Amino acid sequence: MSSEKIISHSEASTIFNKDIERVNWHDETLWFVREKRDKSAHQIPDWELLRETASQIKNNVLSNIHDYLVEFEANAQKNGITVHWAADAKEHNEIVHAIMVKNNVKQMVKSKSMLTEECHLNDYLADKGIEVIDSDLGEYIVQLRKEPPSHIVLPAIHLKKEDVSETFHEHLGTEKGNFDPQYLTESARQSLRNTFLTRKVALTGVNFAVAETGEFVVCTNEGNADMGAHLADVHIACMGFEKLIPQRKHLGVFLRLLARSATGQPITTFSSHFKKPRNGQEMHIVIVDNGRSTQLGREDFRNSLKCIRCGACMNTCPVYRRSGGHSYHNAVAGPIGSILAPNLDMSKNADLPFASTLCGSCTNVCPVKIDIHDQLYKWRQVLVKEGHTPTAKTMAMKTMATVLANPTIFSIAGKSGRFVMKNIPALVNNKMNKWFDQREMPAVPEESFREWYKKNSRESKAKDNE
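Residues numbered from 1 in each chain as written. Predicted model: local features only at pLDDT ≥ 70, side-chain atom pairs only at ≥ 80, totals over all residues. Heavy atoms only, no water.

Caption draft 1: Structural detail: the domain arrangement of the protein chain. Here the protein chain is described as being made up of domain 1 (44-290) and domain 2 (391-465). Centre-to-centre, using C-alpha coordinates, domain 1 lies 52 Å away from domain 2. (Domains from an automatic or database assignment.)

Given below as structure tokens:
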């Protein structure tokens, strides 16, 4: 997958925006989820206190991550869980594969795990001859279509029921043209039932890991993680090290925030605690770094590790809603993905921090109070300084900085710009101007605000002196 050509966010967004009807539908659907989040949040008088508490708990975790990791490992091992440590995606994938080989298994059932998407585990195991079936309905749909998920909570949000109907007809033999959601869901359930019953290895993600008890919690709305883990002989759980919380009592804070922020629900349908393997079962947990230590060491960006993967920032982001998750060319899309991705590879992901209006809506809805839009702005500065932005954009930014810093040059540039737009519009209204591609240029003002202000100030003073 890493060898595939990366399409920039702007190019991918242009492709997505060719289907105007779908873009509008995508925008409205995600805003509907955002509205549900608001209604759910407003039902709790202490919502802002919950956010602040969760933020402070996460600050504590990030400041004492070594101690909590050691505590979690010791308690998990006491519980009979085998703990593995992975420095990067490659090591994570190798550990999972080694467990499969050890148990002589060629098939796996997997519930939603954004970490395994980040590590491209499915592709890695497929190359090793191991079949992976994603059991989350949205993940199952996009897997059949050979697409990555476009949203961390709603993996198939970019698809309509008609798209799902066509996919299921092709792969599951369902009735052509039947796009009744209940029928399609039941078809997926019947298809997956045998998978749950026959897979000896199940893999889940981790929403929260409790240092105090050595247990971990998996939150789902479909119960597919439970089905896989409880029926399998081997349960593998994979987590980034930032998923830790200090004590079990802290779960009450995060569980109240997670579902409300994600989908507007009071709580996820299933919040399953895994503390120790049942008799005869193996339980493994793979704790992954994959750039997180680097992010932790970046003072301006360490707060991004507080993320609980609710997707609220995506649902509210005007850019994400109208560009689609696949335009971000990463497992985690949207505003949060745009501050996580450059940490992994600045050159590859230099376009993403610019895929934002910096409106701040993402920060306003974040349940753990990550300063997302500030970090997007700071990443832009870092990327320009490190030379990861296109030469034309870098030169344009430097030119603008010079113009905006000098009142005289700014005034001359403004007059020149108004003259050109009014008398030689072709110099502005052309394909080189990306704004002109998508918009009608505004009417040319007769004067600048500064000129208007000076004139009106003089007139005002003249009247006062009369």
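What follows continues from the structure just given.
Caption draft 2: A look at the environment of Arg321. The topology assignment puts Arg321 in helix H15 (residues 318-321). Residues Arg321 and Trp31 lie 290 residues apart in sequence; the distance between their C-alpha atoms is 8.0 Å. Setting aside residues no more than four positions away along its own chain, Arg321 makes contact with Val23, His26, Asp27, Leu30, Trp31, Met314, Asn315 and Thr316. A polar atom in the side chain of Arg321 sits 2.5 Å from the side chain of Asp27. (Helix = DSSP H or I, 4+ residues; strand = E, 2+ residues; numbered from the N terminus. Contact = heavy atoms within 4.5 Å. Polar contact = N/O pair within 3.5 Å; in protein donor to acceptor, adjacent residues only side chain to side chain.)

Caption draft 3: A look at the pattern of salt bridges. Per the stated rule, a full pass over the model turns up 25 salt bridges. Glu52 is the partner of Lys369 in a salt bridge, and the nearest nitrogen-oxygen pair spans 2.8 Å. Here Lys369, found in the loop between helix H17 (361-365) and helix H18 (372-385), pairs with Glu52, found in helix H3 (residues 47-63); they are 317 residues apart in sequence, far enough to count as distant. With a shortest N-O distance of 3.9 Å, Arg309 and Glu242 are connected by a salt bridge. (Salt bridge = Lys/Arg side-chain N within 4 Å of Asp/Glu carboxyl O.)

Caption draft 4: Fine view of the sheet that holds strand S4 (residues 201-204). Taken in spatial order, the 6 strands of this open sheet run S1-S10-S7-S4-S2-S3, and their pairing is parallel. The open sheet has two edge strands, strand S1 (82-86) and strand S3 (131-134), and neither has a second partner. Taking each pair of neighbouring strands and ignoring which way they run, the sheet shows an average axis angle of 25 degrees. Across 2 bridges, strand S2 (residues 107-110) lies against S4 in parallel orientation. Its bridge partner being in S4, Lys110 is matched across the sheet by Leu203. (Pairing = 2+ DSSP bridges. Axes fitted to C-alpha atoms, helices over the stretch in contact; angles between N-to-C directions.)

Caption draft 5: Spatial organisation of helix H2 (residues 20-42). Compared with an ideal rise of 1.5 Å per residue, which puts 23 residues at 33 Å, H2 spans 33 Å between its outermost C-alpha atoms and is within 8% of the ideal. Where H2 is concerned, the buried positions are Val23, His26, Asp27, Leu30, Val33, Arg34, Arg37, Asp38, Ser40 and Ala41. Where H2 is buried, its residues touch helix H1 (9-16), H3, helix H12 (251-262), helix H14 (312-316), H15 and H17. (Expected span 1.5 Å × (residues − 1). Buried < 20%, exposed > 50% of the residue type's maximum accessible area, 1.4 Å probe, protein only.)

Caption draft 6: Molecular detail of the nonpolar core. Among the nonpolar cores identified, the biggest contains 53 residues, and Phe208, Phe254, Met314, Tyr320, Ile336, Ile370 and Ile372 are the most heavily contacted of them. Sort the elements by how many residues they give to this core and H12 lands first, with 7 residues. Formed by 26 residues, the second largest nonpolar core is a distinct cluster that contains Val83, Val218, Ala237 and Met239. (Core = buried A, V, L, I, M, F, W, Y, C linked by side-chain atoms within 4.5 Å.)

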